[in-house]
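Close look at the chain arrangement
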Amino acid sequence: MHFSPAVALLVALTPSYILAAPTKQNIQRRDDTASEDQGGSNYITSTISNVWRQAGNCDLSSVTMPLDQAPSPSPLPSPSEGLILSHVAVGRGTQNYTCYGASASSAPTAKGAVATLFNATCQAARTPDLLYDTPSIALAYDIPSAQTALAAYDILLSGHHFFTDDTTPFFDLDTDQHSYGTVACKKDSAANAPAANSSSSVKSNYAAGTQGTDNGDVPWLKLDAVQDSTGYTWKEVYRLNTAGGQPPKTCEGIDGDFTVEYAATYWFWTEPGKDGYLNGAVAGTPDGM
């Protein structure tokens, strides 16, 4: 069995991907009762480690984001002049909401998000089309954990995304294995995710009107850094290629907190020399590997 960095990422996000590789047209959720052969698991873990060691330096200087694929009401603005792309991750987790009474006349209120971030930096440079499809693929499977995703989870883990309050998204890319940096953000701008009936080549399998749901995908975002007690590593963060995450349109039948699963790509832009990921490690490979 041959692994590329792109397939290694999918193994971390979808542990049974290697057993039944889904396609964009026909994604099937895995059987959660299926067990994996221990010998095969050890082989997969070893192979992924070797792939990541040999991934080499991924040149991000010519990588572009697909901002023009989400033009409504207008495309997200480009990164500020002078910034460089330093890290790309796939996030998998939940968008969090609450309803104050189960009323059809009220809408859910957003309460932040929680996601685990997986290193996709080399995929952005080498296989961007597969990267754009990865959130849709990942959303067809359960949210990965260190227990279900073998050592691929730890090998490819970039960090975590959460909110420090209802309006402040935070990205913590410091783990036991590396110190890439942190940033608290505020929303700069938003664009609607590509609709199911759009001509976009990067629309997700969960766009409104597909997969039996009208909820669709959360918007694409540009986030700006805000200075807090931790300082910041990145100046701007983009959330693109979203899959899922939208709540029902009303609170009918829902009272209290609830979550909606989602996945997305996250793109981290920094000032030259600011980012510990590029300064302390080869781009696309974890520290010490």
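In this text, all values refer to a predicted model and were calculated from it rather than measured experimentally. (Residues numbered from 1 in each chain as written. Predicted model: local features only at pLDDT ≥ 70, side-chain atom pairs only at ≥ 80, totals over all residues. Heavy atoms only, no water.)

It is worth spelling out the overall build of the protein chain at this point. Helices and strands together make up the secondary structure of the protein chain, namely six helices and eight strands. Ordering the α and β elements of the protein chain from the N terminus gives α-α-β-β-α-α-α-β-β-β-β-β-β-α. Burial status across the protein chain gives 52% buried among its 289 residues. The long-range share in the protein chain, meaning contacts at least 24 apart out of those at least 6 apart in sequence, stands at 76%. Approximately 12600 Å² of the protein chain is accessible, and the part contributed by carbon and sulfur atoms is 48%. (Helix = DSSP H or I, 4+ residues; strand = E, 2+ residues; numbered from the N terminus. Buried < 20%, exposed > 50% of the residue type's maximum accessible area, 1.4 Å probe, protein only. Contact = heavy atoms within 4.5 Å. Areas by Shrake-Rupley, 256 points an atom, 1.4 Å probe, with all protein chains shown as cover.)

Within the largest apolar cluster, 25 residues are counted, with the highest numbers of intra-cluster contacts made by Phe171, Val237, Tyr266 and Phe268. Sorting the residues of this core by element identifies β1 (84–99), β2 (109–119), β4 (168–174), β5 (179–191), β6 (220–226) and β8 (256–270) as the ones contributing at least two each. Considering every element that reaches this core, the biggest residue donor is β8, with six residues. Apart from residues lying up to four places away in sequence, Val237 is in contact with Phe171, Val183, Cys185, Leu221, Lys222, Leu223, Tyr266, Trp267 and Phe268. Within the second largest apolar cluster, 22 residues are counted, among which are Leu60, Leu131, Tyr132 and Tyr238. (Core = buried A, V, L, I, M, F, W, Y, C linked by side-chain atoms within 4.5 Å.)

It is worth spelling out empty space enclosed by the protein at this point. Using the criterion set out here, one finds one cavity of 30 Å³ or more in the structure. In this model, the largest cavity occupies a volume close to 30 Å³. As for the largest cavity, its lining consists of Tyr132, Asp133, Pro135, Ser136, Val202, Lys203, Ser204, Asn241 and Thr242. It is helix α4 (residues 128–139) that provides the largest number of residues to the lining of the largest cavity, a total of four residues. Residue composition of the lining of the largest cavity, grouped by class: three nonpolar, four polar and two charged. (1 Å grid on protein atoms, 1.4 Å probe; cavity = no way out; pocket = protein on both sides within 12 Å on 5 of 7 lines; lining within 4 Å. Points joined across faces, edges and corners; volume = space filled by probe spheres on them. Nonpolar A, V, L, I, M, F, W, Y, C, P; charged D, E, K, R; others polar.)

Another aspect to go through is the layout of surface pockets. There is about 460 Å³ of room inside the largest pocket. Taken together, 22 residues line the largest pocket, and the ones lying closest to its centre are Gln95, Ala110, Phe163, Leu221 and Arg239. For the lining of the largest pocket, the elements supplying multiple residues, two or more each, are β1, β2, β3 (157–165), β5 and β6. Residues that form the lining of the largest pocket fall into these classes: 13 nonpolar, six polar and three charged.

Once that is clear, we can look at the pairing of strand β7 (residues 236–244). The element β7 is largely enclosed, with a buried count of nine among its nine residues. Bridge analysis of β6 against β7 gives four bridges, and the strand direction is antiparallel. When the bridges of β7 are listed, Asp224 appears paired with Glu236. Direction of pairing for β7 relative to β8: antiparallel, over a ladder of seven bridges. Paired with Ala243 across the bridge in β8 is Ala263. (Pairing = 2+ DSSP bridges.)

Further remarks concern the confidence of the model for the protein chain. Per-chain confidence: the protein chain averages 78 in pLDDT, with 69% of residues scoring 70 or above. Within the protein chain, helix α2 (residues 38–53) has the poorest average pLDDT of any element, 46, and β7 the best, 97. Within the model, pLDDT remains below 50 along residues 279–289, and this stretch shows 35 contacts once partners closer than five positions in the same chain are excluded. (pLDDT = per-residue confidence, 0-100.)

Right, let's talk about unusual backbone geometry for a bit. At the junction of Ser72 and Pro73, the peptide bond is cis and its omega measures out at -5 degrees in the coordinates. Inspection of the secondary structure assignment puts Pro73 in the loop between α2 and β1. Phi at Asn241 is positive, roughly 50 degrees, even though this residue is not glycine. Residue position: Asn241 is located in strand β7.

Okay, the state of the cysteines next. On inspection of all chains with the given rule, the structure shows two disulfides. A disulfide bridge connects Cys58 with Cys122, and the sulfur atoms are separated by 1.7 Å. Its torsion about the S-S bond being 85 degrees, the disulfide of Cys58 and Cys122 is classed as right-handed. Placement of Cys58 in the loop between α2 and β1 and of Cys122 in helix α3 (residues 121–126) is noted, with a sequence separation of 64 residues between them. Among the residues examined, Cys58 registers a relative accessible area of 4% and is labelled buried. What makes Cys122 buried here is its relative accessible area of 0%. Here Cys99 engages in a disulfide with Cys251; their sulfurs sit 2.1 Å apart. Its S-S torsion of about -85 degrees marks the bond between Cys99 and Cys251 as left-handed, since a negative value means left-handed. Placement of the pair is Cys99 in strand β1 and Cys251 in the loop between β7 and β8, with a sequence separation of 152 residues. (Disulfide = S-S within 2.5 Å.)

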